[in-house]
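As a plain string of letters, each chain reads:
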Amino acid sequence: MTLKIATWNINSVRLRIDLVERLTQTAKPDVLCLQETKAENKVFPYDALKAMGWEHILASGMKGYNGVTILSKIPFESTEAPEWCDKSDARHAVATLKGGIEIHNFYIPAGGDIPDPDQNEKFAHKLRFLDEITAWFSKRKAAKASAKNKMVLVGDLNIAPLESDVWSHKQLLKVVSHTPVEVERLDRLQGSHDWVDAVRQFFGPEKILYSWWSYRAKDWNTADKGRRLDHIWVTPALSKDVKAVEILRDVRGWPRPSDHVPVMVTLKS
DNA sequence: ATGGTTGAGAATCAA
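Right, let's walk through the structure included here. Note that the structure is predicted; figures quoted are calculated from it, not measured.

Analysis parameters
Residues numbered from 1 in each chain as written. Chains lettered and ligands numbered in written order. Predicted model: local features only at pLDDT ≥ 70, side-chain atom pairs only at ≥ 80, totals over all residues. Heavy atoms only, no water. Near = heavy atom within 4 Å. Polar contact = N/O pair within 3.5 Å; in protein donor to acceptor, adjacent residues only side chain to side chain. Nonpolar A, V, L, I, M, F, W, Y, C, P; charged D, E, K, R; others polar. Helix = DSSP H or I, 4+ residues; strand = E, 2+ residues; numbered from the N terminus. Contact = heavy atoms within 4.5 Å. Phe/Tyr/Trp six-rings, centres within 6.5 Å; stacked < 30°, edge-to-face > 60°. Buried < 20%, exposed > 50% of the residue type's maximum accessible area, 1.4 Å probe, protein only. Pairing = 2+ DSSP bridges. Salt bridge = Lys/Arg side-chain N within 4 Å of Asp/Glu carboxyl O. Right-handed = clockwise from strand over helix to strand, strands pointing away.

### Concerning the protein's contact with DNA strand B
Part 1 of the argument: In the vicinity of DNA strand B there are 16 residues, among which Ser-12, Arg-16, Tyr-215, Arg-216 and Arg-256 approach most closely.
Part 2 of the argument: Arg-14 places a side-chain nitrogen or oxygen 3.2 Å from a phosphate oxygen of DNA strand B.
Part 3 of the argument: Contact between DNA strand B and Arg-16: a phosphate oxygen at 3.0 Å from a side-chain N or O atom of the residue.
Part 4 of the argument: Its residues assigned to classes, the surface near DNA strand B shows 5 nonpolar, 3 polar and 8 charged.

Written as structure tokens, this is what we have:
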């Protein structure tokens, strides 16, 4: 038996509902975590998603921006939509699957253009968000004696930490998403619950990997100026169960695509 | 050097 978990920044679930269906049918994930759904719950396409086989749906949305969703073929034991930085901005959804795996789906703030928290409140928010969830996971780890905890953290973390996660390390060092201050925060988050980067565990540290290509490039595929902003992390109790990881680059070439592509892990269960 | 595109939803704001 296997469990396939995918994450995808869909950039409007309503506009791209047909692409969600295409991914559902071709990649056949058991759990699909979406970010940037851009739909408040009252306009969320529950019926269309149920019709394509997503029986269990956790949606946390707001009008116009952000929004995270966990779609599942496996029933939920419990669900939660925590809030951070005193904002109700729909950036975190948690679902525990029947059987015990706890899934965290994040849309971390992008952080604006200027990588200085004193000049740019959006960048300050991004750092604060990372600090808050790091403290929260550290506390939970201590409280739960977590050695056996089976947890998965996915999402658009809006940080590409390694040199092999960006098209040019040198040219992006001062570009939000790849600055040392963000990478250091992401490393601390990773340490907060002994998270293992399942994608790098599978592919190794050297392989060039991207999950996002800007809409602004004339030809995203030829220019290939990508970044790996979308991540799948697992706790040590699950790291040995990672059988495969795929970054579905072809999806960037689908009609009217998102600027992000799905990342999917196959776990032995 | 600094533009380039997309989405929500109704003028910009965010990415």
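The discussion continues.
### Thoughts on the environment of Pro-161
Part 1 of the argument: Mapped onto the elements of the fold, Pro-161 is located in the loop between strand E8 (151-156) and helix H4 (169-172).
Part 2 of the argument: Put simply, Pro-161 and Arg-228 are 67 residues apart on the chain and 8.1 Å apart in space, counted from C-alpha to C-alpha.
Part 3 of the argument: Aside from chain neighbours lying at most four places away, what touches Pro-161 is His-178, Val-183, Leu-186, Arg-228 and His-231.

### Overview of the packing of aromatic side chains
Part 1 of the argument: Under the defined criterion, the tally for this structure stands at 11 aromatic pairs.
Part 2 of the argument: With 5.5 Å between their ring centres and 85 degrees between their planes, Phe-137 and Trp-195 make a pair best called edge-to-face. With a gap of 58 residues between them, Phe-137 in helix H3 (residues 121-144) and Trp-195 in the loop between helix H5 (180-191) and strand E9 (196-197) connect regions that are remote in the sequence. Here the two residues Phe-137 and Trp-195 agree in accessibility, since each one is buried.
Part 3 of the argument: Consider the rings of Trp-213 and Trp-220, whose centres lie 5.1 Å apart with planes at 65 degrees: the pair is edge-to-face.

### Topic: the sheet that holds E9
Part 1 of the argument: A sheet is described by the order of its strands in space; here 6 strands give the open sequence E5-E6-E7-E8-E12-E9, paired in mixed fashion. Where the open sheet ends on each side, the last strands, each with one partner, are strand E5 (76-80) and E9.
Part 2 of the argument: Bridge count for strand E7 (residues 102-107) against E8 is 6 bridges, and the pairing is parallel. In the strand pairing of E8, Phe-106 is matched with Gly-155.

### Focus: the pattern of salt bridges
Part 1 of the argument: Applying the stated criterion to the full structure yields 13 salt bridges.
Part 2 of the argument: Through salt bridges with shared partners, a single network forms among Asp-131, Glu-184, Arg-185 and Arg-188.

### Comments concerning the pairing of strand E2 (residues 31-35)
Where a strand is regular, its side chains alternate between the two sheet faces.
Part 1 of the argument: Counting buried positions along E2 gives 5 out of 5 residues, so the element sits mostly inside the fold.
Part 2 of the argument: Pairing between strand E1 (residues 2-9) and E2: 5 bridges, direction parallel. By the bridge assignment, Ile-5 is partnered in E2 with Val-31.
Part 3 of the argument: A crossover links E1 with its parallel partner E2, the connecting element being helix H1 (residues 17-27), and its sense is right-handed.
Part 4 of the argument: Pairing of E2 with strand E4 (residues 68-72), which is carried by 5 bridges, proceeds in the antiparallel orientation. The residue of E4 that forms the bridge with Leu-32 is Leu-71.

### Section: the environment of Asn-41
Part 1 of the argument: Assignment of secondary structure puts Asn-41 in the loop between E2 and helix H2 (46-51).
Part 2 of the argument: Residue classification places Asn-41 among the partly exposed residues on the basis of a relative accessible area of 36%.
Part 3 of the argument: Spatially, the C-alpha atom of Asn-41 lies 10.0 Å from that of Leu-58, the residues being 17 residues apart in sequence.
Part 4 of the argument: Beyond its immediate chain neighbours, meaning those up to four positions away, Asn-41 contacts Tyr-46, Ala-59, Ser-60 and Gly-61.
Part 5 of the argument: Within the local environment of Asn-41, its side chain forms a polar contact with the backbone nitrogen of Gly-61, the two atoms lying 3.1 Å apart.

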